[in-house]
Amino acid sequence: LLRQVNIMTIQQCKYTLAIARCGSMNEAAKVLGVSQASLSSALKELEDEFGVHIFDRSNKGVKITRDGAEFIRYARQLISQYEVILDRYDNGNKKSVRNFAVTSQHYDFAAEAFVKFMSRFSGDYNLSLKEAKTAEVIGDVVNMRSDIGILAYLKASGGVYMERYLRRSGLEFHELLETTPYVFLGKNHPLAKSEQLSADDLHDYPYITYDQGETGPVEFSEELTENNRASRQIRINDRATLMNLLLSTNSYTIGTGIMSSELNNGGGVISVKMNSSDIYSIVVINRVDIGLSDDAQKYVKLLDEAIRHKNLT
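First things first, this report covers the structure right here in the doc. (Residues numbered from 1 in each chain as written. Predicted model: local features only at pLDDT ≥ 70, side-chain atom pairs only at ≥ 80, totals over all residues. Heavy atoms only, no water.)

**Observations regarding the side chain of Ser 24**
- Relative to the helices and strands, Ser 24 resides in the loop between helix H1 (7-22) and helix H2 (25-32).
- Ser 24 gets classed as buried once you look at its relative accessible area, which sits at 17%.
- In this structure the side chain of Ser 24 is engaged in a polar contact, spanning 3.2 Å, whose partner is the backbone nitrogen of Glu 27. (Helix = DSSP H or I, 4+ residues; strand = E, 2+ residues; numbered from the N terminus. Buried < 20%, exposed > 50% of the residue type's maximum accessible area, 1.4 Å probe, protein only. Polar contact = N/O pair within 3.5 Å; in protein donor to acceptor, adjacent residues only side chain to side chain.)

What follows is the structure, encoded as structure tokens:
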């Protein structure tokens, strides 16, 4: 799709995506409001132009070929970006709507900075803050669904892998902070009054981790430790569940120690320093070829302020 793309190609790609969704040329033609002959002709022209066979056809409908699946992924990205351009520009005139998107691992300081960022906007805007798995954070930035991503990793064991992975993906990273691990637990937890905690202290308590999926490498883990030996583990997907579990049970998790008082439900969750030599790096990532926009730089500055003024209890 790196060749010259004209309006006709955009339309043909839309037709292709409709065929893939419907699984039938006939059904796709009905949805699109065109004749099946016109749809078939447009598909053939597209396949001839790019030299790819997208669908196998039969009496039962259409089946996406292996090459077709790859083409459809790129076509979907092309249409998505084209629609962003249409939304942002009208007859060649830039609209006044400001667009900015962030994808982050599950950090309350990202939300705190986002609230302050929103308060400085006037006029129309289209903002997005999404919490996601590590692979999604990276993928959203690579595929330009987000302007920046926020993630963290262990420097000693996972740092080399992560930094190489980011560079291979065409991304650059800007470190916000290095920190040692802290244990997050409810204020009524049996270990809440400890000055420092070890892996042995935590061994018998339920350990909460964010689910990274079956294919996520160990370096993509959000939890800040590599020597966890917990015999009880709980996987979750969102911060609301994390907070409820920490407040209601004797479970714990391990992270940066950065605690936003505004988002901490009246101080019900505290952080205790962990006895560990691990170092955690929190970074902002963006595409090398795009860099940081003015809005991205402003948001990163607010992130830095939120982190530097962290409330360690």
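Next comes the rest of the account.
**Thoughts on the nonpolar core**
- Counting residues in hydrophobic clusters, the biggest one holds 26 residues, and the most contacted among them are Phe 100, Phe 109, Ile 148, Ile 150, Ile 282, Tyr 299 and Leu 303.
- If you tally residues by element for this core, the top one is helix H10 (residues 294-308), at seven residues.
- In this view, Ile 150 contacts Val 102, Thr 103, Ser 104, Gln 105, Tyr 107, Phe 109, Ala 110, Val 137, Ile 282, Val 283, Tyr 299 and Leu 303; residues no more than four positions away in its chain are not counted.
- If you look at the next biggest cluster of nonpolar residues, it comprises 22 residues, including Ile 10, Tyr 15, Ala 42 and Leu 43. (Core = buried A, V, L, I, M, F, W, Y, C linked by side-chain atoms within 4.5 Å. Contact = heavy atoms within 4.5 Å.)

**Some details on the packing of helix H5 (residues 108-119) against H10**
- Remark: H5 packs on H10, axes separated minimally by 9 Å, with the N-to-C direction vectors making an angle of 125°. As far as their axial angle goes, H10 and H5 are oblique. H5 and H10 meet at a crossing whose hand is right-handed. Across from Phe 109, Ala 110, Glu 112, Ala 113, Phe 114, Lys 116 and Phe 117 in H5, the residues of H10 making contact are Asp 295, Lys 298, Tyr 299, Leu 302, Leu 303, Ala 306 and Ile 307. (Axes fitted to C-alpha atoms, helices over the stretch in contact; angles between N-to-C directions. Parallel < 35°, antiparallel > 145°, perpendicular 65-115°, else oblique. Left-handed = near helix turned anticlockwise from the far one by under 90°.)

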